[in-house]
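Here is what each chain is made of, one letter per residue.
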2 protein chains.
Amino acid sequence: MEYLEQIGRQAKEAEAVLRTLDSRRKDEALLRASEALVSGAEEILQANAQDMAAAREKGMSQGLLDRLALNKERVAAMAAGLSQVAALEDPTGESLSMKPRPNGLLIGQKRVPLGVVGIIYEARPNVTADAFGLCFKAGNTVILKGGSDALHSNAAIVNVLQRALLACGLPQTAVQLIASADRQVTARLMKLNEYIDVLIPRGGAGLIRTVVQESTVPVIETGTGNCHLYVDASADLKMAVEILFNAKTQRIGVCNACESLVVHEEVADTFLPMAADRLAEKQVELRGDARAMAAESRIRPAREEDWGCEYLDYILSVKTVRDIEEAIAHINRYNTGHSEAIITNDYKNAQRFLDAVDAAAVYVNASTRFTDGGEFGMGAEIGISTQKLHARGPMGLKELTSTKYVIYGNGQVRP
Amino acid sequence: MEYLEQIGRQAKEAEAVLRTLDSRRKDEALLRASEALVSGAEEILQANAQDMAAAREKGMSQGLLDRLALNKERVAAMAAGLSQVAALEDPTGESLSMKPRPNGLLIGQKRVPLGVVGIIYEARPNVTADAFGLCFKAGNTVILKGGSDALHSNAAIVNVLQRALLACGLPQTAVQLIASADRQVTARLMKLNEYIDVLIPRGGAGLIRTVVQESTVPVIETGTGNCHLYVDASADLKMAVEILFNAKTQRIGVCNACESLVVHEEVADTFLPMAADRLAEKQVELRGDARAMAAESRIRPAREEDWGCEYLDYILSVKTVRDIEEAIAHINRYNTGHSEAIITNDYKNAQRFLDAVDAAAVYVNASTRFTDGGEFGMGAEIGISTQKLHARGPMGLKELTSTKYVIYGNGQVRP
């Protein structure tokens, strides 16, 4: 697979330049790339029109067509994204610690780029510019493998970005697109340990599973969220209804949407009818256990597989529990380690939930929908990690870095 | 593979207890386990005698026999290791940040245990106690898969540890040993994503390669070190000789030993004879390029494969370079991302080397042999990571943790 080897080598070569590039030059390049997207919009839209025509011909669904489609506004949004990233603080170069040892060695730990980041993603061409921007700002080169349906769009965007890099005197191979729809190429990419430091899959559960299963390059698992909202006996029930309505219905197709309601049985009879009324405004289907059905007649029976299901739809499972420990055990059994919330007015229960629930983000009295790089104040995000290694939760620039020990000596040898 | 499923489930159950266990109870258990190793020494030594007899029968080499052998002193050292870990600061529970957002949400990031750690290792039975101690102190349960040659020894050690945990009212499954030499079991272990959060292989390059290639569980790659020492034109040559002698010969079989010398050609004629004289005290074989051979007649010709070789032996490759950039390029091409050193008195070159060389630890005027958890002041280490994800360099307790976002609200919903 000579083609991938070459891409890998070129990424490593560009990495050596980016490793020691100062923030000012990176920001200049990002702003130049942002302008290039705006002035190159016509070229990008023509390429996108090709992709759209082919997608319509093969009968792509309206939802996917909408993800694939670009227009002037969407290109302008990509450009604005790059300017925003330029304005963020560069995380690299910072000393995290620096301490002398008894033998006089001065040992420091410094934040450095990860190196070469591979991104495997699906239909949205805007990921192409976003992923480049974040990776580049953190000093990384990026190898992109987008969906085959967006190949022309992605190639046009990468061309524009590469020209901007060249114009700044930087290696254009700081961003590279794998211009092949061959599955063998993707399979080989996932084993390119010699050149790639980390792979981040962005897309549906199927894509993520494939990458986790097949990759020998370290992977950061992102995305799936079977998020719970637990309404404790002491909850402010009106607040609980509004938070539930927001977490379930504000946007249904996202990983931080609520998929399961857990209710303390003491408040089930009062709360579930209130919740069902509010959720009826969006025709949310409720599937619950026997105790929940007894409390509210609009609840249909849930099956075992409902507890583990990320619906991404107007459906909510409803589980009743005798106490907070049962709630915690249920959540830890079925969740995907994404975002979990408790609605309570009990101090001890709030702390217990925060400590005992195993997830990237744990909330008291707020909607799970806040798990997001922008909402967390990171400026932007490359994805939301649901694994525990390296990064957990929304990943911003800092999560695209590694560290390096830097040691200043004056002749020390080990006794 | 019902056996592994059960081990995995039990590890998860114990994890839920450890997740919220305070430091005092963890330290009590570690001290109890330390005492139990001392009082259970006889039982452990009997088991070890079985392993030793079998190993001798099958003709195991003297070096491996020495690694496998236990005696009273070695058991006492394991016990002392657990007491030392008890005295280290517990990294979990610490808030790394806590900030209010404009909408009133208070968002914090907290250090938490990784969860379930799998360790796959080879002949040394002392890893069994050491790995348990570090994982447990950081709130993790551990699943151990040791070498089949040490099965009786490891089982006896784990039995003693488990009894100590039970005596403290803690789940004995906080440490579990896979009591099977079946390769199928190991293969399945590496795909146990549902239960294991991270796998750390400890051993030779072959073991590590296998785990990286076959595991779908996230892996932290440890260990191999093709470490370089670059002697710059401005180096204090006497200091350079002593650091080289230490880095190459103080202990040859370890990953932070120097395997390759890189010399600025301006000082090659003076330095290489000095270095060859000193290294002759340990009969170190030198393999170099033509310029190096011209400078010192005891140097034999190096082949291309020498540059990438981790000898772990009394052999050193010698490369001459025209300038520091050539040195950096050579090192970044052939190194394994472990430890690299420059000997120089030039400020600019020191900084350039620290910035541009891509490795876990980069030294100025000191021996690469210092890359070690103890020497870095971590108290103990579980291994030395040569990857960039999650942890890089010596891994102590902090590197056995993850993080969790903790969010305090008062009814916030996402607009």
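As shown above, the structure is provided for reference.
These numbers come from a predicted model, not from an experiment.

(A) Expanded view of the interface of chain B and chain A. The interface of chain B with chain A comprises 75 residues on the first partner and 75 residues on the second. Surface buried jointly by chain B and chain A totals about 5,900 Å² across both partners, of which 51% is contributed by carbon and sulfur atoms. The largest share of the area that chain B buries against chain A comes from Leu389(B), Tyr405(B) and Arg414(B), three residues that together contribute 15% of it. Counting across the chain B and chain A interface gives twelve salt bridges. We note a salt bridge from Arg414(B) to Glu375(A), for which the minimum N-O separation is 3.4 Å. Summed over the shared surface of chain B and chain A, the result is 45 residue pairs in polar contact (both at pLDDT 80 or more). Among the secondary structure elements, those contributing two or more residues to the side of chain B that touches chain A are α1 (2-19), β2 (106-113), α9 (205-214), α10 (237-249), α15 (347-356), β13 (361-366), β15 (393-395) and β16 (401-412) of chain B. Among the elements that make up the side of chain B that touches chain A, the one with the highest residue count is β16(B) (eleven residues). When grouped by side-chain class, the residues that make up the side of chain B that touches chain A number 33 nonpolar, 25 polar and 17 charged. Of the strand pairs in this sheet, strand β13 (residues 361-366) of chain A and β16(B) are connected by five bridges, and their pairing is parallel. From the neighbouring strand, Ala366(A) faces β16(B), where its bridge partner is Gln412(B).

(B) The arrangement of the environment of Leu68(B) in detail. Residues and elements named next belong to chain B. Relative to the assigned elements, leucine 68 resides in helix α4 (residues 62-68). Overall, leucine 68 belongs to the buried group, its relative accessible area being 0%. Ignoring sequence-local partners within four residues, the contact set of leucine 68 consists of Asn48, Asp51, Met52, Ala55, Met60, Ala123, Pro125, Asp149 and Ala150.

(C) Region of the structure containing the pattern of salt bridges. Across all of its chains, the model carries 60 salt bridges over all chains by this definition. Residue Asp358(B) is joined to Arg19(A) by a salt bridge in which the shortest nitrogen-to-oxygen separation is 3.6 Å. Here Asp358(B), found in the loop between α15 and β13, pairs with Arg19(A), found in helix α1 (residues 2-19), and the two come from separate chains. Residue class for Asp358(B) comes out buried when judged on its relative accessible area of 15%. Take Arg19(A): its relative accessible area is 16%, and that puts it in the buried class.

(D) Geometry of the relation of the copies chain B and chain A. For these two chains of identical sequence, chain B goes onto chain A by a turn of 180° and a shift of 0.0 Å along the axis, with RMSD 0.0 Å. Here the two chains are linked by the operation of a two-fold rotation axis. Every residue of chain B has its C-alpha some distance from the rotation axis, and the shortest such distance is that of His390(B), at 1.8 Å. When the interface residues of chain B are mapped onto chain A, 100% of them again lie at the interface, so the same face is used by both copies.

Criteria and cut-off values
Residues numbered from 1 in each chain as written. Chains lettered and ligands numbered in written order. Predicted model: local features only at pLDDT ≥ 70, side-chain atom pairs only at ≥ 80, totals over all residues. Heavy atoms only, no water. Contact = heavy atoms within 4.5 Å. Buried area = accessible area lost by both parts, 1.4 Å probe. Salt bridge = Lys/Arg side-chain N within 4 Å of Asp/Glu carboxyl O. Polar contact = N/O pair within 3.5 Å; in protein donor to acceptor, adjacent residues only side chain to side chain. Helix = DSSP H or I, 4+ residues; strand = E, 2+ residues; numbered from the N terminus. Nonpolar A, V, L, I, M, F, W, Y, C, P; charged D, E, K, R; others polar. Pairing = 2+ DSSP bridges. Buried < 20%, exposed > 50% of the residue type's maximum accessible area, 1.4 Å probe, protein only. Least-squares fit on C-alpha atoms with pLDDT ≥ 70 in both.

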